[in-house]
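Listed below are the residues making up each chain.
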Amino acid sequence: MSASVTSHHDDLEGATPMSTGTGPLAGLLVADFSRILAGPYASMLLADLGAEVVKVESPGGDDTRTWSPPVREGVSTYYLGVNRNKRSVALDLKDEGDRALAQELARRADVLLENFKPGGLARFGLDYDTVARDNPGIVYASISGFGSGEGGRDLPGYDLIVQAISGLMSLTGSPDGEPYRAGISVFDVMAGLHATIGTLAALNARHETGRGQHVEVNLLSSALSGLVNQSSAFVAGGVVPTRMGNSHPSLFPYEPLPCADRDLIVTAGNNTQFRRLVEVLGVPDLADDPRFARNEDRTANRDELRPLLVERLRTRDAMDWFRDIIAAGVPCGPINTIDGGVRFAEEVGLDPVVVVGEGDAAVPSVRNPIRFSESQARYDLPPPGLDEHGEDIRRWLATPTNTPTDTATTDIPTTEDR
């Protein structure tokens, strides 16, 4: 057992640990049968926190290996962004021998993560019911587009489709323009986070029951949850939200406002912040104007208030205003490109970039956002090449455990250990 998390696996006699076993999830073995984004993002988060992740790929590899440009030394940066701290093995599930190895990995694992179409792994003996018969402690996490119900299980689960179907695109863009997708696959990321949360919750329940369970996450449910105030506007209030560009339906100011050189995001979320803002802008009387005294008033009269604020903001550059407005305790910020966002994170001491791996194989990566006072995230392994660890993993899976079927090990011997 790990001191940081309870695993249901015993040590395999004679095996050599494949890592230092650090992190709050040290001792857990994750069989990752997912690909593209939502599943790999979830498994990377688990791996960062100490879990040992075996990434099972088809002989053709994860699709994102070929999603380019951009690339780093010939490898897609999309793939690099969500696959660190894992080991890769290529298995053809249509091949009897490879299928048996995949089933053995599932038998030894604490967690199995997959994002096939619902029921898609059943023909390989890797569905939850089959896996749980041999491994009752398994936490089996499935990610789909629209759930496993009769109406949704056969629908393709691409993030862009869910952005459209969920209503997000109806909220994105200018009021008189066309709908737009978000700049990232936002619901893939949300579903990956929800899958991680569900997996950890099921592992915690296993502490008490000794049994695992099936955790199901789908992109549409993640979308409706992630739409928060917008979905609540309809569900609780009967209001169908519409596109407002960069404006907020319930707050003002809470949007980009033009300065002398470029726009600045200004957010005054309460009456105190608004009073401080107009004092910095040199128009303190606006705080006592009955049209703008409360948030409800400012929101209702935004078309009257906006030009009064813009008139002052246009007298100076955005960064000049940024320093003064922030100093007054009012949230604001420039609209950066991605490089500016990374640099700003560096300026405020967040150390956003880490180097994963060593030597020629080292890859710069974005730091895991979670910090612990005792057990930090790890950055041991760069994203693996296809089947990079296949020889070692196949040998390990072919080695009998000499233990009951509900026990195994996370100790995978590696080439450098032999």
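Note that the structure is predicted; figures quoted are calculated from it, not measured.

### Some words on the pairing of strand β10 (residues 263-267)
Taken together, the five bridges between strand β9 (residues 254-258) and β10 define a ladder with antiparallel strand orientation. Across the sheet, residue Y254 finds its bridge partner in β10, namely T267. Two elements, β10 and strand β11 (residues 332-334), share three bridges in a ladder whose sense is antiparallel. By the bridge assignment for β11, V266 is matched with C332.

### Description of the sheet that holds β9
With respect to topology, three strands assemble into an open sheet ordered β9-β10-β11, the strand pairing being antiparallel. With one partner strand each, in any of the chains shown, β9 and β11 form the two edges of the open sheet. With direction set aside, neighbouring strand axes in the sheet form an average angle of 25°.

### Description of the packing of helix α3 (residues 96-108) against helix α15 (residues 390-398)
The packing of two helices is summarised by the inter-axis angle and the distance between the axes. Two elements in contact, α3 and α15, have axes whose closest approach is 10 Å; the angle formed by their N-to-C orientations is 70°. In terms of orientation, α3 lies roughly perpendicular with respect to α15. On the side of α3, the interface is formed by L101, E104, L105 and R108, while α15 contributes R394, W396, L397 and A398. Among the residues making up the contact of α3 with α15, the classes are represented as five nonpolar, no polar and three charged.

### Notes on a nonpolar patch on the surface
Taken together, the side chains of Y158, I161 and I165 present a nonpolar region at the surface, about 310 Å² in accessible area. Its place among the elements puts Y158 in the loop between β7 (139-144) and α5 (159-166). Note on Y158: relative accessible area 56%, which makes it exposed.

### Considerations on the sheet that holds strand β1 (residues 29-33)
With respect to topology, six strands assemble into an open sheet ordered β5-β2-β1-β6-β7-β8, the strand pairing being parallel. Of all strands in the sheet, those with a lone pairing partner are β5 (86-90) and β8 (213-218), marking the two edges. This sheet shows a mean twist of 20° between the axes of neighbouring strands, independent of strand direction. Of the strand pairs in this sheet, strand β2 (residues 52-57) and β5 are connected by five bridges, and their pairing is parallel. Along β5, the bridge assignment pairs V56 with V89. Helix-sheet contacts for helix α7 (residues 186-209) involve β6 (111-114), β7 and β8, and the interaxial angle to β8 is about 165°.

Calculation criteria
Residues numbered from 1 in each chain as written. Predicted model: local features only at pLDDT ≥ 70, side-chain atom pairs only at ≥ 80, totals over all residues. Heavy atoms only, no water. Pairing = 2+ DSSP bridges. Helix = DSSP H or I, 4+ residues; strand = E, 2+ residues; numbered from the N terminus. Axes fitted to C-alpha atoms, helices over the stretch in contact; angles between N-to-C directions. Parallel < 35°, antiparallel > 145°, perpendicular 65-115°, else oblique. Contact = heavy atoms within 4.5 Å. Nonpolar A, V, L, I, M, F, W, Y, C, P; charged D, E, K, R; others polar. Patch = residues over 30% accessible without salt bridge, like charges linked within 9 Å, V, L, I, M, F, W, Y side chains within 5 Å. Areas by Shrake-Rupley, 256 points an atom, 1.4 Å probe, with all protein chains shown as cover. Salt bridge = Lys/Arg side-chain N within 4 Å of Asp/Glu carboxyl O. Buried < 20%, exposed > 50% of the residue type's maximum accessible area, 1.4 Å probe, protein only.

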